[in-house]
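Chain by chain, the residues:
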Amino acid sequence: MTEVIAVFDIGKTNKKILLFDNQFKIVHQHEGKFPVVKDDDGFECDDIELITDWIRKSLEDLIANDQYNLVGVNFTTYGASLMFLDKEGKRLTPVYNYLKEISPAVQEELFEEYGGQHEFCRKTASPALGLLLNSGIQILWLKKEKPEKYDPARSILHFPQYLSYSLTKEIVSEPTSIGCHTFMWDFDQMKYHRWLNDKGIQLPDPVTNDTTFTVNVSGKELQVGTGIHDSSASLVPYLKGSTKNFILVSTGTWCINMNPFNMEPLTAEQLDQDCLCFLTPNKEQVKSSRLFMGHFHEVWAEKLAKYFKVPDDNFKTIGYDKRLIDSLQSRFGKSVYFPEGKESFERGLEEVDPGIFENYHEAYTKLMIDLTALCVTSIQLVIPANDETEILYVTGGFARNPIFIVLLKSGFPDKKVLISEIDNASALGTALVIEHVFSDKVGSKPDLNIDSDG
């Protein structure tokens, strides 16, 4: 029988279970489909009963399967969602959707009381994202708007910890969930912000993510982890597998740049430019910046394809052409699509005439020149004065874009730009933090699947 760790990867859209062996290879995975339900205000949210029932049934099936010897379980989920429990440990609330709109007065009162928005956001390393995306606001909102649910609450857990609690009945917190745009963590003091205590809100002290609890499921003893926030989980394979200091450039709809080796405090100016801080499982700061690069690309690529009457995915055929890039940079000099940086995206859409280019090839190549320049600027925001990083690991869709990769190398001539094709990085990181549960730890370092020629 193969010893395995089961990871439940619970995203907004996809819910998966993955089994990792002791070399951290995926030996089985399955995706479940879950219809959404409505919360007490009629807003869509995840069906927590369905999810926890699925988790327990999946574990029972695994235990009964003589192909695997299940030894550990852990969870990774999206952030910004809390669960409120009464004194008997029963749920008082649904898993409120972090896209739910609430009155801005809730956060404005907090800012006013604790030094103003700029200082409060700087100290908590959390941009004011609105809605319920700053999960600390969810506590104040529930306290103010739904006292019948808040007043009986004796425990408050982030979503990953609630899923762990559903098996262990242990009330714990951990660094990665409370250190991600929550308004809860004081990065100056590296502890909970005092507003929580001032308002009588008691949260469990964070334990490290390698903490596990022994649980009996269907007669089988399992080690169950505390759960981990998905963004920080995606960093774990690189923290464990890389021998050099690095920046992770995770590309997709959002390009998230994470530097776990930048200990400089976050500034108000960086916050204004869409920077924030995460925490690693070891409670260390990860300075991060983000750029809506995939969205910018998608909208412009569609517009260019329509204008030049080519298929929407024609950009996949465009390779790196140094002569063309040199010519375009000579002709235009500055950004065409983003005349005043990323904030001018909408203006560019309205004002830029694709007819200034001779063909689709030229137009798309210039788009990638301008997008990569925005990305370089975004990455530079997380590079400290005394920079010791040597590598940029690039993952996601843009890692397969040859123009982006070559121009990124030009933007950082003193660093190696390496393409890493780790599949299911968040799930892998979630398994790695509890690797000690294996009786034979063969895979102490993950294979980063790095293409050094990227």
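Residues numbered from 1 in each chain as written. Predicted model: local features only at pLDDT ≥ 70, side-chain atom pairs only at ≥ 80, totals over all residues. Heavy atoms only, no water.

(A) The arrangement of the nonpolar core in detail. Trp-300, Tyr-337, Phe-338, Phe-404 and Leu-408 are the most contacted members of the largest nonpolar core, which totals 44 residues. Of all elements in the fold, only β14 (246-251), α11 (293-308), α12 (322-332), α13 (345-351), α14 (360-380), β18 (391-396), α15 (402-411) and β19 (416-420) reach the threshold of two or more residues within this core. A total of 11 residues in this core trace back to one element, the largest contributor, which is α14. Not counting residues within four places of it along the chain, the set of residues in contact with Phe-404 comprises Thr-251, Met-293, Met-368, Thr-372, Cys-375, Val-394 and Phe-398. In terms of nonpolar packing, the next biggest core, distinct from the first, is built from 37 residues, Phe-120, Leu-132, Ile-156 and Ile-178 among them. (Core = buried A, V, L, I, M, F, W, Y, C linked by side-chain atoms within 4.5 Å. Buried < 20%, exposed > 50% of the residue type's maximum accessible area, 1.4 Å probe, protein only. Helix = DSSP H or I, 4+ residues; strand = E, 2+ residues; numbered from the N terminus. Contact = heavy atoms within 4.5 Å.)

(B) Representation of a negative patch on the surface within the structure. The grouping of Glu-298, Glu-302, Asp-312 and Asp-313 at the surface amounts to a negative patch. Within the secondary structure, Glu-298 is located in helix α11. (Patch = residues over 30% accessible without salt bridge, like charges linked within 9 Å, V, L, I, M, F, W, Y side chains within 5 Å. Areas by Shrake-Rupley, 256 points an atom, 1.4 Å probe, with all protein chains shown as cover. Salt bridge = Lys/Arg side-chain N within 4 Å of Asp/Glu carboxyl O. Lys, Arg positive; Asp, Glu negative; His and termini not counted. Charge placed at Lys NZ, Arg CZ, Asp CG, Glu CD.)

(C) Region of the structure containing the packing of helix α2 (residues 105-113) against helix α4 (residues 135-145). In the contact formed by α2 and α4, the axes pass within 9 Å of each other and the chain directions differ by 110 degrees. By the criterion of interaxial angle, the relationship of α2 to α4 is roughly perpendicular. By crossing handedness, the relation of α2 to α4 is classed as right-handed. Across from Val-106, Gln-107, Glu-109 and Leu-110 in α2, the residues of α4 making contact are Ile-137, Leu-140, Trp-141 and Lys-144. In terms of residue class, the contact of α2 with α4 is made up of 5 nonpolar, 1 polar and 2 charged. (Axes fitted to C-alpha atoms, helices over the stretch in contact; angles between N-to-C directions. Parallel < 35°, antiparallel > 145°, perpendicular 65-115°, else oblique. Left-handed = near helix turned anticlockwise from the far one by under 90°. Nonpolar A, V, L, I, M, F, W, Y, C, P; charged D, E, K, R; others polar.)

(D) Fine view of empty space enclosed by the protein. Applying the stated criterion across every chain yields a total of 1 cavity of 30 Å³ or more. One number sums up the size of the largest cavity: a volume of about 60 Å³. Looking at the largest cavity, the residues that line it are Leu-82, Ile-156, Leu-157, His-158, Gln-161, Val-172, Ser-173, Ile-178, Met-184, Tyr-192, Leu-203 and Pro-204. Per-element accounting of the lining of the largest cavity gives the leading share, 3 residues, to strand β8 (residues 155-158). Counted by class, the lining of the largest cavity contains 9 nonpolar, 3 polar and no charged residues. (1 Å grid on protein atoms, 1.4 Å probe; cavity = no way out; pocket = protein on both sides within 12 Å on 5 of 7 lines; lining within 4 Å. Points joined across faces, edges and corners; volume = space filled by probe spheres on them.)

(E) Seen up close, α14. In this model α14 runs 30 Å from its N-terminal to its C-terminal C-alpha over 21 residues, within 8% of the 30 Å that 1.5 Å per residue would give. Across the 21 residues of α14, 17 count as buried, placing the element largely inside the fold. Put simply, Asn-359 is the residue that caps the front of α14, since its side-chain oxygen is 3.2 Å from the backbone nitrogen of His-361. (Expected span 1.5 Å × (residues − 1). Polar contact = N/O pair within 3.5 Å; in protein donor to acceptor, adjacent residues only side chain to side chain.)

(F) Expanded view of the pairing of strand β17 (residues 285-291). Burial runs high along β17: 6 of the 7 residues are buried. Relative to β17, strand β15 (residues 255-259) runs antiparallel, the two being bridged by 5 bridges. Bridge pairing in β17 links Ile-256 to Arg-290. If you look at the hairpin formed by strand β16 (residues 275-279) and β17, you'll find 5 residues sitting between the two strands, and Lys-283 has a positive phi there, around 65 degrees. (Pairing = 2+ DSSP bridges.)

(G) Representation of the pattern of salt bridges within the structure. Summed over the entire model, instances satisfying the criterion amount to 25 salt bridges. For the salt bridge of Lys-146 with Asp-40, the shortest nitrogen-to-oxygen distance reads 3.3 Å. Of this pair, Lys-146 sits in the loop between α4 and α5 (147-150) while Asp-40 is found in the loop between β4 (37-38) and β5 (44-45), placing the two residues 106 residues apart along the sequence. A relative accessible area of 36% places Asp-40 in the partly exposed class. Between Lys-322 and Asp-326 there is a salt bridge whose closest N-O contact spans 2.8 Å. Placement of the pair is Lys-322 and Asp-326 together in helix α12, with a separation of 4 residues, close to one helical turn. Looking at Lys-322, the relative accessible area reads 49%, which means it is partly exposed.

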